[in-house]
Amino acid sequence: KGKSLAKEVIFDGGYQETYVLLKTSARGEDCVALKAYPYNWQLYAFREDDSWPYGTNVLWLGSTKEEPTSANFSELLNVREEFKLNKNMRYLQRMRGGNGDD
């Protein structure tokens, strides 16, 4: 009885997760969500660095109280100028030397 009571108190009683890192993909973009108790989820997306072919920039997209879904990421990506073009289109644009203003 003591073992099952301890299990219930320690593992089944529910607890706040201290740190959580979720990795997902939305619209073909690599994204992560970071939760650090007691703060809200922080949402980030990775974007290639236009000035360095092997570099990556991490861009903060926003925050949410609830665990984010890929739909949350898509909504935030859709309003960011950096993600106006999808990853494949940005790659093609870099290959032909365009800057996106045409």
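Structure first, text after, so check above.
Model, not experiment: these values are computed from the prediction. (Residues numbered from 1 in each chain as written. Predicted model: local features only at pLDDT ≥ 70, side-chain atom pairs only at ≥ 80, totals over all residues. Heavy atoms only, no water.)

Draft legend 1. Inspection of the overall build of the protein at higher detail. The helix and strand tally for the protein stands at 3 helices and 4 strands. Tracing the protein from N to C terminus, the helices and strands come up as α-β-β-β-β-α-α. Taking 102 residues into account, the globule formula puts the C-alpha radius of gyration at 13 Å, and the protein, at 19 Å, lies well above it. Here the C-alpha coordinates of the protein stretch approximately 70 × 25 × 20 Å along the principal axes. Scored against the burial criterion, the 102 residues of the protein give a buried share of 24%. Once local pairs closer than 6 in sequence are excluded, the contacts in the protein between residues at least 24 apart make up 36%. Surface summary for the protein: the accessible area is close to 7800 Å², and the carbon and sulfur share equals 53%. (Helix = DSSP H or I, 4+ residues; strand = E, 2+ residues; numbered from the N terminus. Rg over C-alpha atoms; globule rule 2.2 N^0.38 Å. Buried < 20%, exposed > 50% of the residue type's maximum accessible area, 1.4 Å probe, protein only. Contact = heavy atoms within 4.5 Å. Areas by Shrake-Rupley, 256 points an atom, 1.4 Å probe, with all protein chains shown as cover.)

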